[in-house]
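Here are the chains, one letter per residue:
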Number of protein chains: 2
Amino acid sequence: MSASSDFSLDMGRCNACAIRHQAVCGVLRDGELVRLNQISRRRTFDVGQVIMTDDDRAEFFANVVSGVIKLAKTLPDGRQQIVGLLFAPDFVGRAYSENNPYFAEAATEVELCCFPRDSFESVLKEYPGLEHRLFERTLDELDSAREWMVLLGRKTAQEKVASFLFLLAKRSRLTGCPHVTATPTPTFELPLTRADIADYLGLTIETVSRQITKLKTTGVIKLLGTQHIAVPDFATLGELAGQEHPAIH
Amino acid sequence: MSASSDFSLDMGRCNACAIRHQAVCGVLRDGELVRLNQISRRRTFDVGQVIMTDDDRAEFFANVVSGVIKLAKTLPDGRQQIVGLLFAPDFVGRAYSENNPYFAEAATEVELCCFPRDSFESVLKEYPGLEHRLFERTLDELDSAREWMVLLGRKTAQEKVASFLFLLAKRSRLTGCPHVTATPTPTFELPLTRADIADYLGLTIETVSRQITKLKTTGVIKLLGTQHIAVPDFATLGELAGQEHPAIH
DNA sequence: CGACATGTTGAACCTCATCAACCGACGTGG
DNA sequence: CCACGTCGGTTGATGAGGTTCAACATGTCG
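All values derive from a computational prediction rather than experimental measurement.

**Student:** What am I meant to see in the relation of the copies chain B and chain A here?
**Tutor:** Note on the chain copies: they are related by a rotation about an axis and a translation along it. For the pair chain B and chain A, the superposition axis carries a translation of 0.0 Å, the fit reaches an RMSD of 0.0 Å, and the rotation angle comes to 180°. Here the two chains are linked by the operation of a two-fold rotation axis. A symmetric contact is evident, with 100% of the interface residues of chain B recurring at the interface of chain A.

The structure is reproduced here in structure tokens:
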């Protein structure tokens, strides 16, 4: 509110930040955070708004504060594949490369904490802890990318859709209202349209729709509107997703 | 040959190493390399030999000195997906995680330069440059994994096989005998069996075989035995692979 | 030479893509 | 206020691409 450059004020935004400790900034001590706080800037994006393109140089890095971003790649003839979804404390941007190879778009309304490219890279050089944290995050992203390769290459349409919903159901149980200890029926909003889900799962809109109705009629999930989903039968959703029960050989 | 612990001898193996400068060790100065040289140990693996499993803790990290390793993931019912291939200067192992989530197997005869897990992790802490190099490599791996997601999710069998062969053809032009400047006809050995190729491309053995014969009969590639491939028509192979010509909009 | 692994080829089948119609929600303008 | 177009989603009919099952070819090793 005031223009004072007093130390505690320089930290204000970060201290109030909802993702302060989960995001990459989490490793930084208060003193170090000041640097990031100074260069950071909040920005919001509407649904469908492009955040980064794959042709020209990305001018910033960012933390996702709220909302969902889809990372996509497109073939010359227009076929598209979503190669990753970014949720709340995730980091956006490809370090150490002039042009990031993906195309990032807001899947829902998105709030970002942005850092200008050059400033962030110099902060990165100064604080090895920050780079380390980013490294760990990248390793996790690599793991999930490879997990998804199994889905794309080897799972059936049924399993693909079940896996996707199962993933979101798991998320909703973790991040969902913490005052509800046992969640009997995981419930969540689909952050993607049918078209996006299709591009994420390597399917068509129609197959996605059919598989969802199938899950609905068998009673594994419940639809309330097109985007709101409840999972009364979490266990069988997991089984349909494959992958679970790490082999009962 | 001798047991002298003289400095230059401690460096002997690394100095003679074929991948000394391309591998992650490349960032280390001579003095620093001594540490790695002391803990490293050469090991060879036969075709089909398991290098790391996905259930128990990996006891070492390694650089690939020669040969090809396949990283795979398997579903409970046996369906398999190869999620990455490791070639000559690549690094093997998942840092900062107790159990690596993949299953690594020698696709050809493989020679590794192995580092015991704990020793390597302490070297990693001492030399931030080494971690940085590993980070960059991981980012590249993430890029290729996502590239492969497009292939798995959106390309046809024809395009998948063409992409795979195109990839190897490009590699052979880069790493191939450096005394031949212009390679008119890229030529290489397939490091994978048909079954492995199928698991890499998310197809069946039969489809892979059929697509390869199709490419052979159209004259885009030539087969000399089952594993040896020549690519007289590199350009159309690239076109069939899709992805090329980054959009002529 | 026979056994086994790897690769090829053929035929039938099935999953999923394609094409098309329809529905409901929403927003706009006459 | 209602007709209209649009957009996202669902459902149906049809067919192609890829899997499955099966037979056969080829090569290798004891």
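**Student:** Honestly, the interface of chain B and chain A in this entry has me stumped. Any pointers?
**Tutor:** When the parts of a complex come together, some accessible area is lost, and that lost area is often used as the size of the interface. Each partner contributes to the interface: chain B provides 45 residues, whereas chain A provides 45 residues. Both faces considered, chain B and chain A share a buried interface measuring about 4200 Å² in area, 60% of it formed by carbon and sulfur atoms. If you sort the residues of chain B by the area they bury against chain A, Arg 146, Met 149 and Arg 154 of chain B come out on top, with a joint share of 20%. Counting across the chain B and chain A interface gives twelve salt bridges.

**Student:** Explanation requested: the nonpolar core in the structure shown.
**Tutor:** Soluble, globular proteins show a tendency: their nonpolar side chains are buried together. Judged by nonpolar contacts, the single largest core of 118 residues is most densely connected at Leu 112 of chain A together with Leu 112 of chain B. Of all hydrophobic cores here, the second largest spans 46 residues; its members include Ile 39, Cys 113, Phe 120 and Leu 139 of chain B.

**Student:** Any chance you could explain the pattern of salt bridges here in plain terms?
**Tutor:** Side chains that differ in sign of charge can pair as their charged atoms come close. All told, the structure shown has 36 salt bridges over all chains when counted by the stated rule. In this structure, the salt-bridge partner of Asp 30 of chain A is Arg 20 of chain A, at a minimum N-O distance of 2.8 Å. Pair noted here: Asp 30 of chain A is in helix H3 (residues 30-39) and Arg 20 of chain A is in the loop between helix H2 (12-15) and H3, with a separation of ten residues, a long-range link. Classification of Asp 30 of chain A by relative accessible area gives partly exposed; the value is 44%. Between Glu 141 of chain A and Arg 146 of chain B there is a salt bridge, with its nearest N and O atoms 2.9 Å apart. Of this pair, Glu 141 of chain A sits in helix H5 (residues 128-154) while Arg 146 of chain B sits in helix H5 (residues 128-154), which puts the two residues in different chains. The structure contains a network of salt bridges with shared partners spanning Arg 57, Glu 59, Glu 98 and Asp 118 of chain A.

**Student:** Could you clarify how one ought to interpret the pairing of strand E3 (residues 60-66) of chain B in this entry?
**Tutor:** Moving residue by residue along a regular strand, the side chains alternate between the two faces of the sheet. All names here are of chain B. Burial runs high along E3: six of the seven residues are buried. Pairing between E3 and strand E8 (residues 110-116): six bridges, direction antiparallel. Across the sheet, the residue bridging to Ala 62 is Cys 114, located in E8. Here E3 pairs with strand E6 (residues 91-92) via two bridges, running antiparallel. Counted as the bridge partner of Asn 63 is Phe 91 from E6.

**Student:** Help me out: how do you make sense of the protein's contact with DNA strand D in this one?
**Tutor:** Around DNA strand D lies a shell of 17 residues, among which Arg 194, Ser 209 and Thr 213 of chain A together with Ala 157 and Thr 207 of chain B are the nearest. Here the atoms of DNA strand D within 4 Å of the protein split so that 64% fall in sugar or phosphate, with bases taking the remainder. Between DNA strand D and Arg 194 of chain A there is a distance of 2.8 Å, counted from a phosphate oxygen to a side-chain nitrogen or oxygen. Here the element with the most residues in the surface near DNA strand D is helix H8 (residues 205-217) of chain A; it accounts for four residues. When the residues that make up the surface near DNA strand D are grouped by side-chain class, the tally is three nonpolar, nine polar and five charged.

**Student:** Whenever I open this one, the protein's contact with DNA strand C confuses me. Can you help?
**Tutor:** Close contacts around DNA strand C come from 16 residues, with Ala 157 and Thr 207 of chain A together with Arg 194, Ser 209 and Thr 213 of chain B the closest. When atoms of DNA strand C within 4 Å of the protein are split into backbone and base, the sugar-phosphate part holds 68%. At a separation of 3.0 Å, a base oxygen of DNA strand C approaches a polar side-chain atom of Arg 210 of chain A. At 3.4 Å, a side-chain N or O of Gln 227 of chain B approaches a phosphate oxygen of DNA strand C. No other element matches helix H8 (residues 205-217) of chain B, which puts four residues into the surface near DNA strand C.

**Student:** For this particular structure, what's the right way to read the environment of Ser 172 of chain A?
**Tutor:** All names here are of chain A. You can see Ser 172 is positioned in helix H6 (residues 157-175). For Ser 172, a relative accessible area of 15% corresponds to the buried category. Sequence separation between Ser 172 and Val 24 is 148 residues; the distance between their C-alpha atoms is 22 Å. Apart from residues lying up to four places away in sequence, Ser 172 is in contact with Pro 186, Thr 187 and Phe 188.

Rules behind the numbers
- Residues numbered from 1 in each chain as written.
- Chains lettered and ligands numbered in written order.
- Predicted model: local features only at pLDDT ≥ 70, side-chain atom pairs only at ≥ 80, totals over all residues.
- Heavy atoms only, no water.
- Least-squares fit on C-alpha atoms with pLDDT ≥ 70 in both.
- Contact = heavy atoms within 4.5 Å.
- Buried area = accessible area lost by both parts, 1.4 Å probe.
- Salt bridge = Lys/Arg side-chain N within 4 Å of Asp/Glu carboxyl O.
- Core = buried A, V, L, I, M, F, W, Y, C linked by side-chain atoms within 4.5 Å.
- Buried < 20%, exposed > 50% of the residue type's maximum accessible area, 1.4 Å probe, protein only.
- Helix = DSSP H or I, 4+ residues; strand = E, 2+ residues; numbered from the N terminus.
- Pairing = 2+ DSSP bridges.
- Near = heavy atom within 4 Å.
- Polar contact = N/O pair within 3.5 Å; in protein donor to acceptor, adjacent residues only side chain to side chain.
- Nonpolar A, V, L, I, M, F, W, Y, C, P; charged D, E, K, R; others polar.

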